[in-house]
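So you can see what is in the structure, the chains are spelled out below.
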Amino acid sequence: MQKKFIMAGVMGWPIEHSRSPTIHNYWIKEHNINGAYGHFPVQPNHLEAAIDGLRALGLAGCNITIPHKVAAMKHVDWVDPKAQRIGAINTIVCKPDGMLCGFNHDGFGYIQSLYEAQPTWHASAGPVVMLGAGGASRSILVSLLDSGASEIRLLNRTQSKADELAAEFGPLVTAYPWSELNDTIEDCKLLVNTTSLGMQGQAPLEIDLSNLKSDALVSDIIYAPLETPLLAAAKARGNTTVNGLGMLLHQARPAFEAWFGVLPDVSQKLRNVVIASF
Ligand code: NAP
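First, a word on what this report is: a plain description of the structure on this page. Keep in mind that what you see is a predicted model, and the values were worked out from it rather than measured.

About the criteria used
- Residues numbered from 1 in each chain as written.
- Predicted model: local features only at pLDDT ≥ 70, side-chain atom pairs only at ≥ 80, totals over all residues.
- Heavy atoms only, no water.
- Helix = DSSP H or I, 4+ residues; strand = E, 2+ residues; numbered from the N terminus.
- Rg over C-alpha atoms; globule rule 2.2 N^0.38 Å.
- Contact = heavy atoms within 4.5 Å.
- Areas by Shrake-Rupley, 256 points an atom, 1.4 Å probe, with all protein chains shown as cover.
- Lys, Arg positive; Asp, Glu negative; His and termini not counted.
- Charge placed at Lys NZ, Arg CZ, Asp CG, Glu CD.
- Salt bridge = Lys/Arg side-chain N within 4 Å of Asp/Glu carboxyl O.
- Buried < 20%, exposed > 50% of the residue type's maximum accessible area, 1.4 Å probe, protein only.
- Disulfide = S-S within 2.5 Å.
- Pairing = 2+ DSSP bridges.
- Right-handed = clockwise from strand over helix to strand, strands pointing away.
- Axes fitted to C-alpha atoms, helices over the stretch in contact; angles between N-to-C directions.
- Left-handed = near helix turned anticlockwise from the far one by under 90°.
- Nonpolar A, V, L, I, M, F, W, Y, C, P; charged D, E, K, R; others polar.
- Near = heavy atom within 4 Å.
- Polar contact = N/O pair within 3.5 Å; in protein donor to acceptor, adjacent residues only side chain to side chain.

The next point concerns the overall build of the protein. The helix and strand tally for the protein stands at ten helices and twelve strands. Computed over C-alpha atoms, the radius of gyration of the protein comes to 19 Å, within 12% of the 19 Å expected from 2.2 N^0.38 for 278 residues, which places it in the range of a compact globule. With the principal axes as the frame, the protein shows a C-alpha extent of 65 × 40 × 35 Å. Put simply, of all contacts in the protein between residues at least 6 apart along the chain, 66% involve residues at least 24 apart. Accessible surface computed for the protein: about 12600 Å², of which carbon and sulfur atoms make up 54%. Here the protein holds 21 positive side-chain charges and 25 negative ones, and the gap between their average locations is 7 Å.

So, on to the pattern of salt bridges. The tally for this structure, following the rule as stated, stands at eleven salt bridges. Of the charged contacts, one joins Asp 52 and Arg 55 as a salt bridge, the two residues approaching to 2.9 Å between their closest N and O atoms. Taken together, the residues Asp 52 and Arg 55, both in helix α2 (residues 47-57) and three residues apart, mark about one turn of the helix. The partly exposed category is assigned to Asp 52, whose relative accessible area is 44%. Judged by relative accessible area, which is 35%, Arg 55 ranks as partly exposed. Across the salt bridge formed by Asp 106 and Lys 69, the nearest N and O atoms sit 2.8 Å from each other.

Looking now at the state of the cysteines. Per the stated rule, a full pass over the model turns up zero disulfides. Cysteine Cys 62 shares no disulfide, and the gap to the nearest cysteine sulfur, in Cys 94, comes to 7.1 Å. On the accessibility criterion, Cys 62 (0% relative accessible area) is buried.

Below, the discussion takes up the pairing of strand β1 (residues 6-12). For β1, a buried count of six out of seven residues is recorded, marking the element as mostly surrounded by other parts of the structure. Bridging between β1 and strand β2 (residues 35-41) involves seven bridges; their strand directions are parallel. Its bridge partner being in β2, Ala 8 is matched across the sheet by Tyr 37. In the classification by handedness, the crossover that spans β1, the intervening helix α1 (residues 20-30) and the parallel β2 is right-handed. Pairing of β1 with strand β3 (residues 61-64), which is carried by four bridges, proceeds in the parallel orientation.

The subject of this paragraph is α1. Those residues of α1 lying buried are Ser 20, Pro 21, Ile 23, His 24, Tyr 26, Trp 27 and Ile 28. Where the residues of α1 are buried, they touch β1, β2, β3, α9 (245-260) and α10 (268-276). One or two steps after α1, the chain reaches Asn 32, where phi turns positive at roughly 55 degrees.

For the pair helix α5 (residues 135-146) and helix α6 (residues 159-169), interaxial distance at closest approach is 12 Å and the crossing angle is 35 degrees. As for how α5 packs across α6, the hand of that crossing is right-handed. Between α5, through Ser 137, Arg 138, Leu 141, Val 142 and Leu 145, and α6, the contact on the second element is made entirely by Leu 165, Glu 168 and Phe 169. Tallied by class, residues from the contact of α5 with α6 come to five nonpolar, one polar and two charged.

As a further point, take the site of the ligand. Taken together, 20 residues form the shell around the ligand, and within it Asn 156, Arg 157, Thr 158, Lys 161 and Ile 221 come nearest. At a separation of 3.0 Å, an oxygen atom of the ligand approaches a polar backbone atom of Ala 133. A distance of 2.8 Å separates an oxygen atom of the ligand from a polar atom in the side chain of Arg 157. Alone, the ligand offers 930 Å² of accessible surface; in the complex the protein occludes 76% of this. Of all the secondary structure elements, the ones that give two or more residues to the shell around the ligand are α5 and α9. Its residues placed into classes, the shell around the ligand shows nine nonpolar, nine polar and two charged.

Encoded structure:
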């Protein structure tokens, strides 16, 4: 008997740049699944109809990306508690009864990428310095707290946004002025850049790493380029570095499992395929 055809995709606007189809279609082929994963260009005023259409078309679900991650929450029937704390979803799973469930796996992907780079890493090892208070930072903040982080120092160009996050997420998160960047990293065990500084076409992050201890892990969630000026400088000093590709690949795994029934691996071959697509 012909296996059921399973269809999923990613909704965003614009969407052509998304690497999610490359990742999911690689796994579909690897696991010999009868299915496909597509790009869905969805304008903001069509979001509700597009999400409702998942049910009507019998899709397994979809990923949600910029600019829809926050707005999509109100168009699903149920939102996972972690995604509620993050305030955004990046995955919708259509249940057999037609119920639409929203999840956010970005923070999971980030934490997995750290374990991959340093299997002994643990969130409670010491202070975390987090740069940025945008959409991506919320998922990382929640996941670091859930993983046992004992102190998170948050710095953002617009300090009011860091203050708001610190007030929302409680006493383990403290906002610092951007001007204190070089001092706050002195005793940190993890430095993470979640700003867009260092991205292709953007100015680099200006930071003096001379105060940073050699055992601090330095991560940048940017994946284009794979090695940002921050990571190049940290690597030159001997710090272990983690780029944003691992987060991008690992966040896709739980969604793939929910739709296609297999928890896939992140192999070097998949990495090479995705890198070749940049
Ligand atoms: P966002 O919501 O627009 O937030 C952007 C952040 O960057 C804000 O904190 C913003 O500070 C800061 N920023 C922008 N320009 C700046 C400048 N000139 N100086 C100082 N700070 C500046 O974006 P996002 O969705 O969080 O994404 C941020 C980065 O993460 C992007 O590069 C994106 O590609 C990457 N990302 C990677 C993954 C992955 O899977 N690896 C997933 C999601 C995002 P203000 O608040 O002051 O504006």
